[in-house]
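Read off the chains here:
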Amino acid sequence: MSFNIDEWEPKTKMGKLVKDGTITDIDEIFEKGLPIMELEIVDALIPDLEEEVMDVNLVQRMHKSGRKVNFRVIVAVGNKNGYVGLGQGKAKEVGPAIRKAVDNAKYNLIKVRRGCGDWGCVCGREHTVPFKVTGKTSSVSVTLMPAPAGVGLVVGDVGKTILKLAGIHDVWSQTFGQTQTTVNFANAVFDALKELSNVKASKEDLKKMGVNY
């Protein structure tokens, strides 16, 4: 269902600033470290987000009233141009679980640092990760490394999906642990992308690597 900003009635101060046009760029929110409390803020500021269902898993647990069965869904969202989110959702039916996961992924949206960090590539475009970073979740560890243009995404399928949605086209990777566990692998890749923003570098070095923020 497409988002119609005219039908939106904001419940927060930030939402009202977005609807009246005072805030027109989601970076203004990220730079101030403000939490996004309404999904419509994301829909209004990044209308071209795409969704990818990463995994659908049947989860069973015993309860005093009997066996409870739910679907657990992992979804990634992104605009293929520097913004990506990862989320999970649980429900008795697949459809509602996907919807919950999409909403959760939007709340977890981040801006991804991209650049041209490989020493053998001087194209200056934002096609790869600018630094070597590692993300960890449970027993899974994923290291992403800059790669020259044309290499492609040398990482498992789950990682490829998340990186494509983030707008990254080339990367080398190393993985350790139970990478066949989709939820942990996906979270480790997402954690690595978040780590990109924590790497300290001078403005001059960032400029050389084609990083715009």
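These numbers were taken from a predicted model, which means no experiment stands behind them. (Residues numbered from 1 in each chain as written. Predicted model: local features only at pLDDT ≥ 70, side-chain atom pairs only at ≥ 80, totals over all residues. Heavy atoms only, no water.)

Asker: I keep staring at the domain arrangement of the chain and nothing clicks. Help me out?
Answerer: Reports of interface size often rely on the accessible area that becomes lost once the parts have come together. Each assigned domain of the chain is listed with its residue range as follows: domain 1 (13-45), domain 2 (51-109) and domain 3 (133-209). Computed over C-alpha atoms only, the centres of domain 1 and domain 2 are separated by 24 Å. If you look at the interface, domain 1 gives ten residues, while domain 2 gives five residues. Between domain 1 and domain 2, the buried area comes to about 670 Å², and carbon and sulfur atoms account for 65% of it. When the area that domain 1 buries against domain 2 is broken down by residue, the three leading residues are Phe-30, Leu-39 and Val-42, summing to 61%. Remark: the boundary between domain 1 and domain 2 carries one salt bridge. For Lys-106, the salt bridge identified is with Asp-43, shortest N-O distance 2.7 Å. Our enumeration of links across domain 1 and domain 2 arrives at three residue pairs in polar contact (both at pLDDT 80 or more). Those elements giving two or more residues to the side of domain 1 that touches domain 2 turn out to be α2 (26-31) and α3 (39-45). (Domains from an automatic or database assignment. Contact = heavy atoms within 4.5 Å. Buried area = accessible area lost by both parts, 1.4 Å probe. Salt bridge = Lys/Arg side-chain N within 4 Å of Asp/Glu carboxyl O. Polar contact = N/O pair within 3.5 Å; in protein donor to acceptor, adjacent residues only side chain to side chain. Helix = DSSP H or I, 4+ residues; strand = E, 2+ residues; numbered from the N terminus.)

Asker: Just checking my understanding: could you explain the nonpolar core for this structure?
Answerer: Counting residues in hydrophobic clusters, the biggest one holds 33 residues, and the most contacted among them are Val-84, Val-112, Leu-144, Ile-162, Leu-163 and Leu-193. When contributions to this core are tallied by element, the ones reaching two or more residues are β2 (66-78), β3 (83-91), β6 (140-145), α5 (157-166) and α6 (182-195). Tallying contributions element by element places α6 first for this core, with eight residues. Ranked by size, the runner-up nonpolar core spans 22 residues in total, among them Trp-8, Ile-46, Val-73 and Ala-105. (Core = buried A, V, L, I, M, F, W, Y, C linked by side-chain atoms within 4.5 Å. Buried < 20%, exposed > 50% of the residue type's maximum accessible area, 1.4 Å probe, protein only.)

Asker: Would you take a moment to explain helix α4 (residues 94-107) for this structure?
Answerer: Given 3.6 residues to a turn, an α-helix orients residues that are three or four positions apart in the same direction. Between its first and last C-alpha, α4 extends 20 Å over 14 residues, near the 20 Å set by a 1.5 Å rise per residue. Of the positions making up α4, those classed as buried are Ala-97, Ala-101, Val-102, Ala-105 and Lys-106. (Expected span 1.5 Å × (residues − 1).)

Asker: Looking at this structure, I do not really get the packing of α5 against α6. What am I missing?
Answerer: When two helices pack together, their arrangement is captured by the angle between the axes and the distance separating the axes. The geometry of α5 relative to α6 is characterised by a closest axis approach of 9 Å and an angle of 35° between their N-to-C directions. Crossing hand, α5 versus α6: right-handed. Between α5 and α6, the residues in contact are Val-158, Gly-159, Ile-162, Leu-163 and Ala-166 and Thr-182, Phe-185, Ala-186, Val-189 and Leu-193, respectively. Classifying every residue of the contact of α5 with α6 by side-chain character gives eight nonpolar, two polar and no charged. (Axes fitted to C-alpha atoms, helices over the stretch in contact; angles between N-to-C directions. Left-handed = near helix turned anticlockwise from the far one by under 90°. Nonpolar A, V, L, I, M, F, W, Y, C, P; charged D, E, K, R; others polar.)

Asker: Hey, could you run me through the sheet that holds β6 in this one?
Answerer: Reading across from one edge, β5-β6-β7 is the order of the three strands in this open sheet, with antiparallel pairing throughout. Pairing within the sheet leaves two strands with one partner each, and these edge strands are β5 (133-137) and β7 (172-176). With direction set aside, neighbouring strand axes in the sheet form an average angle of 15°. Summarising the sheet, β6 and β7 pair through five bridges and their orientation is antiparallel. Following the sheet pairing, Ser-141 is matched in β7 by Phe-176. Here α6 sits on the sheet and contacts β5, β6 and β7; the angle it forms with β5, its principal contact strand, is near 140°. (Pairing = 2+ DSSP bridges.)

Asker: Would you mind showing me how to read the pattern of salt bridges here?
Answerer: When the charged atoms of two side chains with opposite charge come close together, those side chains can pair. One pass over the full model with this rule turns up six salt bridges. Here Arg-114 makes a salt bridge to Glu-126, at a shortest N to O gap of 3.5 Å. With Arg-114 in the loop between β4 (110-111) and β5 and Glu-126 in the loop between β4 and β5, this residue pair connects regions lying twelve residues apart in the sequence. Several salt bridges converge on common partners, so that one network encompasses Glu-51, Arg-99 and Asp-103.

Asker: Can you help me understand the side chain of His-127 in this one?
Answerer: The residue His-127 is located in the loop between β4 and β5 in this model. Exposure remark for His-127: the relative accessible area of 1% places this residue in the buried category. With sequence-adjacent residues up to four places away left out, His-127 is seen in contact with Gly-115, Cys-116, Cys-121, Ala-147, Pro-148, Ala-149, Ile-168, His-169 and Asp-170.

Asker: Looking at this model, I keep getting lost on the side chain of Asn-79. Mind explaining?
Answerer: Locating Asn-79 in the fold gives a position in the loop between β2 and β3. Using a relative accessible area of 12% as the deciding quantity, one classes Asn-79 as buried. In contact with Asn-79, other than residues within four places in its own chain, are Ile-46, Asp-48, Leu-49 and Leu-165.

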